[in-house]
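Observations on the three-dimensional arrangement
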Amino acid sequence: MLKVDRLTVHRGGRAVLQDISLTLQPGRTLAVLGESGAGKSTLVAAVLGLLRPERGSVTWNGAPIARGGSALVMQEPRAAFNPRLSLRRSVLEPLRAKGLPDDPKRIARLCDGLELDPACLDRRPYQVSVGQAQRLGVLRALLAAPPLILFDEPLSALDAMTQKHTARLISALQREEGFAALIVTHDLGYAAAHADTVAVLRAGVIEEAAEATAFFGAPQSAYGQRLVGAAVSLGALERRAAA
Ligand SMILES: Nc1ncnc2c1ncn2[C@@H]1O[C@H](COP(=O)(O)OP(=O)(O)O)[C@@H](O)[C@H]1O
Ligand SMILES: [Mg+2]
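Residues numbered from 1 in each chain as written. Chains lettered and ligands numbered in written order. Predicted model: local features only at pLDDT ≥ 70, side-chain atom pairs only at ≥ 80, totals over all residues. Heavy atoms only, no water.

Moving on, we get to the site of ligand 1. Inspection of the region around ligand 1 gives Arg11, Gly12, Arg14, Val16, Glu35, Ser36, Gly37, Ala38, Gly39, Lys40, Ser41 and Thr42 as its neighbouring residues. Residue arginine 14 places a side-chain N or O atom 2.7 Å away from an oxygen atom belonging to ligand 1. When ligand 1 is considered free in solution it has 560 Å² of accessible area, and contact with the protein chains removes 61% of it. The element contributing the most residues to the shell around ligand 1 is helix 1 (residues 40–48), with three residues. For the shell around ligand 1, the per-class residue count stands at two nonpolar, six polar and four charged. (Near = heavy atom within 4 Å. Polar contact = N/O pair within 3.5 Å; in protein donor to acceptor, adjacent residues only side chain to side chain. Areas by Shrake-Rupley, 256 points an atom, 1.4 Å probe, with all protein chains shown as cover. Helix = DSSP H or I, 4+ residues; strand = E, 2+ residues; numbered from the N terminus. Nonpolar A, V, L, I, M, F, W, Y, C, P; charged D, E, K, R; others polar.)

Structure below.
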């Protein structure tokens, strides 16, 4: 289980996360919601161990998260890869880092699950589509089977159709592989469809944390109500536009 316990992180001389406590069970999905600047990416960096907290701790099953114990899927898929390397080399990097051998069978199976043509691996980042690059980012994160995968706005660079498709593929793989997912997203529809629990972050503090069904059914905080209310009226507009 991931446990973030009373975490405070300073950046640029001020607290950008204050007293954050969260848990995430194996195989489950936690959606972190909140406006730009709320501290979502800082939370991801702190969970990955890239930022040293001022106070508090991040643990997996009671121990600090070891290097390689978690993996990140970033927002800008093509920027996530070194343009000078073949995608295969970049994708295999987590195995190399752990001293594990290449695993062609697992790569083939994951490519299949992600509906990725394995020939993509022999291209460079600018020679695949953004949607393919994002699925290659998921492949890289999954390859060494970390128990926890962090997704920082993983679908926001994709068009709406590709978003839905990629979200479904990630969910299906999560059921097979059993990793815990912490997903930062602006997309409340995505969170409603895929998250088990939700945490709403605002100006570095948690406004509300709840089971997703409870949150979307009846958000308790004023800010949560605004978020869900805005998404509902947006949905109504979309349905009107489609009618
Ligand atoms: N490297 C940095 N140095 C100083 N302040 C930063 C740095 N990165 C982010 N911040 C500040 O921390 C706050 C949270 O940023 P961030 O975690 O990126 O938010 P979000 O991902 O929710 O948009 C913002 O006020 C941002 O300006
Ligand atoms: Mg961010």
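Still more to cover.
Let us look at the packing of aromatic side chains. Evaluation of the coordinates by the stated rule reveals one aromatic pair. Centre to centre, the rings of phenylalanine 215 and phenylalanine 216 are 5.1 Å apart; their planes meet at 80°, and the pair counts as edge-to-face. The class for phenylalanine 215 is buried, based on a relative accessible area of 1%. (Phe/Tyr/Trp six-rings, centres within 6.5 Å; stacked < 30°, edge-to-face > 60°. Buried < 20%, exposed > 50% of the residue type's maximum accessible area, 1.4 Å probe, protein only.)

Moving on to the side chain of glutamine 134. For glutamine 134, the position within the fold is in helix 4 (residues 130–143). Judged by its relative accessible area of 2%, glutamine 134 falls in the buried class. Residue contacts for glutamine 134: discarding those within four places in its chain leaves Val73, Met74, Gln75, Pro77, Pro154, Leu155 and Leu158. (Contact = heavy atoms within 4.5 Å.)

Turning next to the pattern of salt bridges. Using the criterion set out here, one finds eight salt bridges in the structure. The partner of glutamate 211 in a salt bridge is arginine 28, and the shortest N-O contact between them spans 3.7 Å. With glutamate 211 in strand 10 (residues 205–211) and arginine 28 in the loop between strand 2 (14–24) and strand 3 (29–33), this residue pair connects regions lying 183 residues apart in the sequence. What makes glutamate 211 partly exposed here is its relative accessible area of 42%. We classify arginine 28 as partly exposed; its relative accessible area is 32%. When the shortest N-O distance is used, the salt bridge between aspartate 102 and arginine 96 registers 3.5 Å. You can call aspartate 102 partly exposed: its relative accessible area is 39%. Classification of arginine 96 by relative accessible area gives partly exposed; the value is 45%. (Salt bridge = Lys/Arg side-chain N within 4 Å of Asp/Glu carboxyl O.)

This next bit is on the environment of alanine 181. Here alanine 181 shows up in strand 8 (residues 180–184). Along the sequence, alanine 181 and glutamate 238 sit 57 residues apart, while their C-alpha atoms lie 28 Å from each other. Those residues in contact with alanine 181 that lie beyond four places of it in its chain are Leu24, Arg28, Thr29, Leu30, Ile149, Phe151 and Gln174.

Our focus in this paragraph is the sheet that holds strand 6 (residues 70–73). In spatial order, the strands read 6-7-8-3-9-10; together these six strands make up an open sheet with mixed pairing. Each edge of the open sheet carries a strand with a single partner, namely strand 6 and strand 10. Within this sheet the neighbouring strands show an average axis-to-axis angle of 15°, counted without direction. Along the sheet, helix 1 makes contact with strand 3, strand 6, strand 7 (148–152), strand 8 and strand 9 (197–202), crossing strand 7 at roughly 155°. (Pairing = 2+ DSSP bridges. Axes fitted to C-alpha atoms, helices over the stretch in contact; angles between N-to-C directions.)

Membership of the largest hydrophobic core comes to 36 residues, with the highest contact counts inside it found for Leu136, Leu139 and Phe151. Looking at this core, the elements with two or more residues in it are strand 6, helix 2 (87–97), helix 3 (104–113), helix 4, strand 7, helix 5 (160–177) and strand 8. If near-sequence neighbours (up to four positions away) are discounted, phenylalanine 151 is found in contact with Val73, Val138, Ile170, Phe179, Ala181, Leu182, Ile183 and Val184. Val4, Ile20, Leu148 and Ala180 belong to the second largest nonpolar core, which has 24 residues in total. (Core = buried A, V, L, I, M, F, W, Y, C linked by side-chain atoms within 4.5 Å.)

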